[in-house]
Amino acid sequence: MEDLKNILTTHPFFAGLKPEHLQLVVGCASNVRFDAGKFIFREGEEANEFYLLRHGKVGLEVYAPERGPITIQTLGEGEILGWSWLVPPYRWKFDARVIELTRAIALDGKCLRDKLESDYQLGYELLKRFSQVMVERLQTARFQLLNVYESH
Amino acid sequence: MSTNLIDVPDVGAAGVNPMVPRPYAVHKVRQETSDTFTLELAPEDGGPAMTFAPGQFNMIYAFGVGEVPISISGDPAKPATLVHTTREVGIVTRAMRNLKPTHWLGVRGPYGSGWPLTEARGADVVIVAGGIGLAPLRPALYQLVAARKYYGRVVLLYGTRTPADILFRRELQQWHSRFDLEIHVTVDRAIGSWRGNVGVVTSLIPRAPFDPHSTLAMVCGPEIMMRFTVQELEKRGVAMPNIYLSMERNMKCAVGFCGHCQFGPTFICKDGPIFRYDRVQPLLAVREI
């Protein structure tokens, strides 16, 4: 547990979180490991956790009939995987497939949702952080949509 | 020295008129991707090989079709073969794509400024390339590799559309296998067996291994990509004067005479194409130019 606390304390995503809030988050955290080729989650499944990737590479995919899986983004060390646990109806929108052996800290979303509802300050702090992740993902998605290399 | 009020190009000290192309023979045309190709040329007139600085370009004339500026993509240490890589986008480059060995082209150059490899000595070097923008950066990579001990970490961040659009794949793999180079490639979208990164090139910057306070960055790609790249580099802490961009505008004469490539008070052909970011930053925000 102390290891988890150290990792979460030093991670930029949780930087500045009050010690008592960090303690609540640590209570919902666990170490996980996924082998290459395994799916961490699949589109449509219940989204009840998110992951702080410590090592490895994960591809976010969408499956298209007759084309197969299309990778839309890869995530690696230090990045956050998953925010559908935070937004109703709490269902994954994409598949997350492990490309390289991945070690991560899983945060139990059900456990966290209850804590965020009862502690609005913690809720605000986590929403601020997830908003930042979402804004960055939205900006990169828009950048991808521009298809800037087409005419260059 | 010209006595005209405007700076009319003159016959240079070496007796070479910069407006007259020199004949070069095509030695090889190599298809790189579905829409990009590399030309290998050698002078037909028996004169000396062209020496150039990484980042410079030539005006290439397809006889009877037209002339276009194309960056030099070869190794400056091997000037006997002049190498250009370009995308087939119009009638001139289409004509070039259809050339065969022994066909001729006209070449004027080299023109423009080069990448600041001397200024980069002692510092980490981050090269950010988008799409065909890797071509004018390849000569800089050759020189960085050749003089590796003079630089800190050397990092290439390269983004392109799909795995099939990756330029210079074999060289990238060779460089990737070296312990003293960091090569990171990402594609905007991927289907099938691709196991590399997917996402825009700027997403590689936050975790790229370099010391932002002692880094010189060289960026080449579509202007939108360069804008986003500069924002990410600044977010990492790289100072504006340590960021260099390769700019592109419609170049015709290549010697600062015709004005086609005027960019505020500068000419891309003569004062660029490589600019220090802080010197062009105010101009990049002016939509009319």
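Residues numbered from 1 in each chain as written. Chains lettered and ligands numbered in written order. Predicted model: local features only at pLDDT ≥ 70, side-chain atom pairs only at ≥ 80, totals over all residues.

Quick word on the overall build of chain B
Check the secondary structure of chain B and you find six helices and 16 strands. At 19 Å, chain B has a C-alpha radius of gyration in line with the 19 Å of a compact globule built from 289 residues. In terms of overall dimensions, chain B has a C-alpha envelope of 50 × 45 × 40 Å along the principal axes. A sequence separation of at least 24 residues applies to 70% of the contacts in chain B between residues at least 6 apart. (Helix = DSSP H or I, 4+ residues; strand = E, 2+ residues; numbered from the N terminus. Rg over C-alpha atoms; globule rule 2.2 N^0.38 Å. Contact = placed C-beta atoms within 7 Å.)

What to know about the overall build of chain A
On a plain count of helices and strands, chain A comes out with four helices and six strands. Helices and strands appear in chain A in the N-to-C order α-α-β-β-β-β-β-β-α-α. Computed over its C-alpha atoms, the radius of gyration of chain A comes to 16 Å, within 12% of the 15 Å expected for a compact globule of 152 residues. Taking the principal axes of the C-alpha coordinates as reference, chain A spans close to 50 × 30 × 30 Å. Here chain A holds 152 residues, and 30% of them are scored as buried. Excluding contacts between residues fewer than 6 apart, the proportion of contacts in chain A whose partners are at least 24 apart in sequence is 73%. (Buried ≥ 20, exposed ≤ 12 C-beta atoms within 10 Å, placed from the backbone.)

Digging into the interface of chain B and chain A
Taken together, the contact pairs 24 residues of chain B with 18 residues of chain A. Mapped by element, the contributors of at least two residues to the side of chain B that touches chain A are β10 (190–191), β11 (197–198) and α4 (223–236) of chain B. Ranked by residues supplied to the side of chain B that touches chain A, first place goes to α4 of chain B with three residues. In terms of residue class, the side of chain B that touches chain A is made up of ten nonpolar, nine polar and five charged. (Nonpolar A, V, L, I, M, F, W, Y, C, P; charged D, E, K, R; others polar.)

A short note on the sheet that holds strand β8 (residues 154–160) of chain B
Residues and elements named next belong to chain B. Reading across from one edge, β11-β9-β8-β7-β12-β13-β16 is the order of the seven strands in this open sheet, with mixed pairing throughout. Edge strands, defined here as strands with exactly one partner in the open sheet, are β11 and β16 (274–276). In this sheet, β8 lies alongside strand β7 (residues 124–130) in parallel orientation, the contact comprising six bridges. Looking at the pairing, Gly-130 lines up with Gly-159 of β8. Contacts from α4 reach β7, β12 (215–220) and β13 (243–246) within the one sheet, and its direction differs from that of β12 by about 165°. (Pairing = 2+ DSSP bridges. Axes fitted to C-alpha atoms, helices over the stretch in contact; angles between N-to-C directions.)

Concerning the sheet that holds strand β1 (residues 22–31) of chain B
Working definition: the strands of a sheet are paired by backbone hydrogen bonds and lie parallel or antiparallel to each other. Residues and elements named next belong to chain B. Here we have six strands laid out as an open sheet, ordered β4-β3-β6-β1-β2-β5, and antiparallel in their pairing. The open sheet has two edge strands, β4 (66–71) and β5 (82–87), and neither has a second partner. Recorded for the sheet is a direction-independent mean angle of 40° between the axes of neighbouring strands. Summarising the sheet, β1 and strand β2 (residues 36–43) pair through seven bridges and their orientation is antiparallel. Bridge pairing in β2 places Tyr-24 opposite Pro-43.

As for the domain arrangement of chain B
Domain annotation of chain B identifies domain 1 (22–111) and domain 2 (124–246). Across the boundary between the two partners, domain 1 of chain B contributes 15 residues, which contact 13 residues of domain 2 of chain B. (Domains from an automatic or database assignment.)

Side note on the pairing of β4 of chain B
All names here are of chain B. Burial of β4 is extensive: five of the six residues sit out of reach of the surface. Where strand β3 (residues 57–62) and β4 come together, six bridges link them in antiparallel fashion. Of the residues in β4, the one forming a bridge with Tyr-61 is Glu-67. Between β3 and β4, which pair antiparallel and follow one another directly, the connecting turn spans three residues, one of which, Gly-64, has a positive phi of 80°.

Overview of the nonpolar core
Core analysis: the biggest nonpolar cluster contains 80 residues, and Val-126, Ile-127, Leu-157, Ala-217, Val-219, Ile-243 and Tyr-244 of chain B have the highest contact counts within it. When residues of this core are assigned to domains, at least three map to each of domain 1 (22–111) and domain 2 (124–246) of chain B. Leave out the neighbours within four places in its chain, and Tyr-244 of chain B touches Trp-115, Pro-116, Ala-217, Met-218, Val-219, Ile-274, Phe-275, Arg-276 and Tyr-277 of chain B. If you look at the next biggest cluster of nonpolar residues, it comprises 26 residues, including Leu-53, Leu-60, Phe-94 and Leu-112 of chain A. (Core = buried A, V, L, I, M, F, W, Y, C linked by C-beta atoms within 7 Å.)

Points about the pairing of β3 of chain B
Residues and elements named next belong to chain B. Counted residue by residue, β3 has six buried out of six residues, so it is predominantly covered. Of the two faces of β3, the one carrying Phe-57, Met-59 and Tyr-61 and the one carrying Asn-58, Ile-60 and Ala-62 are both buried. Pairing geometry for β3 and strand β6 (residues 104–111), over four bridges, is antiparallel. Across the sheet, Tyr-61 pairs through a bridge with Gly-106, a residue of β6.

Quick look at the environment of Ala-95 of chain B
By the secondary structure assignment, Ala-95 of chain B is in helix α1 (residues 91–97). A sequence separation of 30 residues divides Ala-95 of chain B from Val-65 of chain B, and the C-alpha atoms of the two residues are 7.5 Å apart.

Comments concerning the environment of Gly-37 of chain A
By the secondary structure assignment, Gly-37 of chain A is in the loop between β1 (29–34) and β2 (39–41). Sequence spacing of Gly-37 of chain A and Ile-99 of chain A is 62 residues, and the spatial spacing of their C-alpha atoms is 6.0 Å.

Here we look at unusual backbone geometry
For the bond running from Pro-88 of chain A to Pro-89 of chain A, omega is 10°, close enough to zero to count as cis. Structurally, Pro-89 of chain A is set in the loop between β5 (80–81) and β6 (95–108). In this model, Gly-272 of chain B is joined to Pro-273 of chain B through a cis peptide bond whose omega is 5°. Note that Pro-273 of chain B resides in the loop between α5 (268–271) and β16. Phi at Glu-66 of chain A is positive, roughly 70°, even though this residue is not glycine. Note that Glu-66 of chain A resides in the loop between β3 (49–64) and β4 (68–76). C-beta crowding within 10 Å serves as the criterion here: with 4 such atoms nearby, Glu-66 of chain A is assigned to the exposed category. Positive phi, close to 90°, is recorded for Thr-102 of chain B, a residue that is not glycine. Take Thr-102 of chain B: it is sitting in the loop between α1 and β6.

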